[in-house]
Amino acid sequence: MPVLDWLGKDKVINHHLDVPFRFLDKKFSVGASENKIIHGDNLLALKSLLPEFAGRVKCIYIDPPYNTGNENWIYNDAVNDPQIRRWLGQVVGKEGEDLTRHDKWLCMMYPRLRLLQKLLSDDGAIFISIDDNEQANLKLICDEIFGAQNFLIQMTRVTKRSGKSTEIFAKNDDSLLVYAKSAKCKLNPFRHNDAGFKFRDEFFEQRGLYKLNQTLDYDSLQYSDSLDYPLTIDGVTYYAGSSEENFLKRKAGEHKRADWAWRWSQEKFNFGYANDFIVVKKTRNGTRIYTKTYQRATIDVADGNYFIKYSERTAPVSSLALTANEFSNDNATKDLTSIFAEKVFDYPKPVALIEFILQLATDKDSIVLDSFAGSGTTAHAVINLNAQDGGNRKFILIELNDYAETITAKRVELVGGEFDFYELGAELFDADGFINAEIPREKIFDYVYFAETQKHYEPTDEKFLLGVDEDTAYYFFDDAELNFDLLAKIRTRANSYVIYAENCTLAESELNDFHITFKKIPRDIPRL
Ligand SMILES: C[S@@+](CC[C@H](N)C(=O)[O-])C[C@H]1O[C@@H](n2cnc3c(N)ncnc32)[C@H](O)[C@@H]1O
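Peer 1: Where do I start with the pairing of strand 22 (residues 472-476) in this structure?
Peer 2: A regular strand places its side chains so that they alternate between the two faces of the sheet. With 5 of 5 residues buried, strand 22 is to be regarded as a mostly interior element. In strand 22, alternate side chains face the same way, and those of T472, Y474 and F476 on one face and A473 and Y475 on the other are all buried. Two strands pair when backbone bridges link them, and strand 21 (residues 465-469) and strand 22 are joined in this way by 4 bridges, in the antiparallel orientation. Paired with G467 across the two strands is Y474, which belongs to strand 22. Count of turn residues in the strand 21/strand 22 antiparallel hairpin: 2 residues, of which E470 carries a positive phi of about 50°. With 5 bridges connecting them, strand 22 and strand 24 (residues 496-501) associate as parallel partners. Paired with Y474 across the two strands is V498, which belongs to strand 24.

Structural data, given as structure tokens:
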């Protein structure tokens, strides 16, 4: 598989592991919910989300800076490398002024995508908006991070109907790259367009509305002798193409037009007729036989037996599904000005785009994450869809800019959303690698227990117990020495023990006898 290389790649390939772990600091709440809006750099915020959300996010949508050269985004990650230090804090500008803007963009995106990949659930998917400036680069790093086998589709979205980019070309689209986390990815089949279903019969409750848009002999693409048979209904015989004379000529091999045959076999017709999937209708051109197409019922066959299959009619999603005007930027601007009554944000996406993604990739209780939140369109779409289908999807938004409160959060509030608003809080470890004294014990316990087991800490009446997982009990004795006095305090019985303490005076053989693994604080605390 081709792998992309760029200036600085070797310095960022594992940078997500060096990112300091910071706790989230709740500043205020609007209503009572599990939704989060986080103000801060998403590199740090994504890391902070790991203990609670790793492997739990069903749908990620991101709309990172496209790196057009006009966006004024700043590359500021604390990567410890002279090359990158020279870039730090510089505004990323036009190609001519700054030849390394693609390197910087890739250095910025790579560790963030690594963290996003960890947050996705096994059945989840990530959707990324991008345009030609970085599309090819992004595709290659996503193949590397998510696995080329998990690439699902690249969809084209019409951004605007008119306008031009150069004297010759008008660039009117961008792309949506879609990757699954794994082969277990579960997307929802798209409901077929319901337009045209307008008739109701006595089966409406089960089958929904129906339409009559094809005669039984219409559009037979290929002649088939077995489908060219006389059909008798109520004593009247019908022929495909209506003419008995032509039918006899076809059977004698004399008729040149080979395109008349029924679409259904005699057996399927018999079943369909007996079960009201057939309508015989007099028209100006004679009697015609129509098939009914229902919204929620089709004729299926298994082991030669026909039966009625009840399910929503679905259709594959075309890679051109986002070329309709409702997904364009013009519509996005309208969405936002209808809330703020003035232009407050430069490059929003339309709510319809993200509703489309959510319908495809979420269940009613899924967690949705957008780590380049901008004006908060993703939360708006979550709120809309929950209102439509009674769902309880939760959203997490991350926005770096100070408008996280004045635009992102404000919009969510104005459209009726509830959320907790966070800033990035204290780091878990101080500059010398010791646990930060400001951090409450519960948060440290949760971090350590999650890092060990990927499970969450639930306080019990045993003060130093983090939890029991797979018959191993985890203890965290801060400010204590692991010795026999300490062991006497352990009340939970388990097959084995992982015990964190400042130091240990038990001999190796004693630890083995009691099935204890000693871990030194802070040295052995896993780094997420
Ligand atoms: C193109 S906008 C997203 C627009 C959004 N989809 C909408 O509909 O409003 C990209 C956003 O990502 C934010 N951003 C850029 N770098 C970031 C970072 N490192 N952490 C968090 N947000 C970041 C920018 O401030 C900007 O608001």
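Peer 1: It is not clear to me how the packing of helix 11 (residues 351-361) against helix 12 (residues 377-389) should be interpreted in this structure. Could you clarify?
Peer 2: For any two helices packed against each other, the geometry comes down to the angle between their axes and how far apart the axes lie. Two numbers describe how helix 11 lies on helix 12: the axes approach to 8 Å, and their chain directions differ by 60°. The pairing of helix 11 with helix 12 is recorded here as oblique in orientation. Crossing geometry of helix 11 relative to helix 12 is assigned as right-handed. Residue-level inspection shows V351, I354, E355, L358 and Q359 of helix 11 in contact with helix 12, the latter providing T377, T378, H380, A381, V382, N384, L385 and Q388. The residue makeup of the contact of helix 11 with helix 12, split by class, is 6 nonpolar, 6 polar and 1 charged.

Peer 1: Please explain the nonpolar core as it appears in this structure.
Peer 2: Grouped together as the largest cluster of nonpolar side chains are 72 residues, with contacts concentrated most on L49, Y75, L113 and L369. Examining the composition of this core, we find that 10 residues originate from one element, helix 5 (residues 101-119), more than from any other. A domain-level breakdown of this core finds at least three residues from each of domain 1 (9-190 + 318-427) and domain 3 (441-520). Membership of the second largest hydrophobic core comes to 37 residues, among which are V178, L322, F327 and L397.

Peer 1: Hey, could you run me through the site of the ligand in this one?
Peer 2: Inspection of the region around the ligand gives 19 residues, with D63, S375, T377, E399 and Y403 positioned closest. K349 has a polar backbone atom sitting 2.8 Å from an oxygen atom of the ligand. Interatomic distance of 3.2 Å between a backbone N/O atom of L400 and a nitrogen atom of the ligand. Considered on its own, the ligand offers 600 Å² of accessible surface; in the complex 91% of this is hidden by protein. Residues belonging to the shell around the ligand are distributed by class as follows: 7 nonpolar, 7 polar and 5 charged.

Peer 1: What's the story with the sheet that holds strand 13 (residues 278-283) in this structure? I'm lost.
Peer 2: Adjacent strands of a sheet form backbone hydrogen bonds with each other and so pair up, either parallel or antiparallel. Overall, antiparallel pairing links the 3 strands, which are arranged 10-14-13 in an open sheet. Edge strands, defined here as strands with exactly one partner in the open sheet, are strand 10 (210-215) and strand 13. Sheet twist, expressed as the average angle between the axes of neighbouring strands with direction ignored, equals 40°.

Peer 1: Explanation requested: the sheet that holds strand 8 (residues 173-180) in the structure shown.
Peer 2: Strand order in this open sheet of 9 strands is 1-20-2-19-18-3-6-8-7, and the pairing throughout is mixed. Where the open sheet ends on each side, the last strands, each with one partner, are strand 1 (22-30) and strand 7 (151-158). Pairwise comparison of adjacent strand axes, ignoring direction, gives a mean angle of 20° for this sheet. In this sheet, strand 19 (residues 394-399) lies alongside strand 2 (residues 36-39) in parallel orientation, the contact comprising 4 bridges. Looking at the pairing, K36 lines up with I396 of strand 19.

Peer 1: Any chance you could explain the environment of T408 here in plain terms?
Peer 2: Looking at the secondary structure, you find T408 in helix 13 (residues 403-414). With 272 residues separating them in the primary sequence, T408 and A136 have C-alpha atoms 30 Å apart. Contact partners of T408, with chain neighbours within four places excluded, come to I37, A373, G374, S375, G376, L397, E399 and Y403.

Peer 1: What should I look at first to understand the pattern of salt bridges in this one?
Peer 2: Any two side chains of opposite charge can pair, on the condition that their charged atoms come close. Here the structure, examined in full by the defined rule, presents 27 salt bridges. Ionic pairing is found between D300 and K309, a salt bridge with its closest N-O pair at 3.8 Å. Classification of D300 as partly exposed rests on a relative accessible area of 25%. Look at K309 and you get partly exposed, because its relative accessible area is 38%. Salt bridges sharing common partners tie together D10, K11 and D81.

Peer 1: What am I meant to see in the packing of aromatic side chains here?
Peer 2: How two aromatic rings sit relative to each other is set out by the distance from centre to centre and by the angle between their planes. Inspection of every chain in the model, using the stated rule, returns 25 aromatic pairs. Ring centres 6.4 Å apart and planes at 70° place the aromatic pair F28 and F419 in the edge-to-face group. Note that F28 is positioned in strand 1 and F419 in strand 20 (residues 419-427), a separation of 391 residues in sequence. When its relative accessible area of 28% is taken as the criterion, F28 is described as partly exposed. Centre to centre, the rings of F327 and F356 are 5.8 Å apart; their planes meet at 70°, and the pair counts as edge-to-face. With F327 in the loop between strand 17 (314-315) and helix 10 (329-340) and F356 in helix 11, this pair connects stretches of sequence that are 29 residues apart. Taken as a pair, F327 and F356 share a single burial class, namely buried. Taken together, the ring pairs in this structure connect F199, Y210, F277 and Y294 into an aromatic cluster. When the ring centre of Y210 is taken as reference, the NZ or CZ atom of K292 above it lies at 4.6 Å. The residue whose ring lies beneath R527 is F429, and the NZ or CZ to ring-centre distance is 3.8 Å.

Rules behind the numbers
Residues numbered from 1 in each chain as written. Predicted model: local features only at pLDDT ≥ 70, side-chain atom pairs only at ≥ 80, totals over all residues. Heavy atoms only, no water. Buried < 20%, exposed > 50% of the residue type's maximum accessible area, 1.4 Å probe, protein only. Helix = DSSP H or I, 4+ residues; strand = E, 2+ residues; numbered from the N terminus. Pairing = 2+ DSSP bridges. Axes fitted to C-alpha atoms, helices over the stretch in contact; angles between N-to-C directions. Parallel < 35°, antiparallel > 145°, perpendicular 65-115°, else oblique. Left-handed = near helix turned anticlockwise from the far one by under 90°. Contact = heavy atoms within 4.5 Å. Nonpolar A, V, L, I, M, F, W, Y, C, P; charged D, E, K, R; others polar. Core = buried A, V, L, I, M, F, W, Y, C linked by side-chain atoms within 4.5 Å. Domains from an automatic or database assignment. Near = heavy atom within 4 Å. Polar contact = N/O pair within 3.5 Å; in protein donor to acceptor, adjacent residues only side chain to side chain. Areas by Shrake-Rupley, 256 points an atom, 1.4 Å probe, with all protein chains shown as cover. Salt bridge = Lys/Arg side-chain N within 4 Å of Asp/Glu carboxyl O. Phe/Tyr/Trp six-rings, centres within 6.5 Å; stacked < 30°, edge-to-face > 60°. Lys NZ or Arg CZ within 6 Å of the ring centre and 35° of its normal.

Such coordinate-based values are descriptive only and should not be taken to indicate function.
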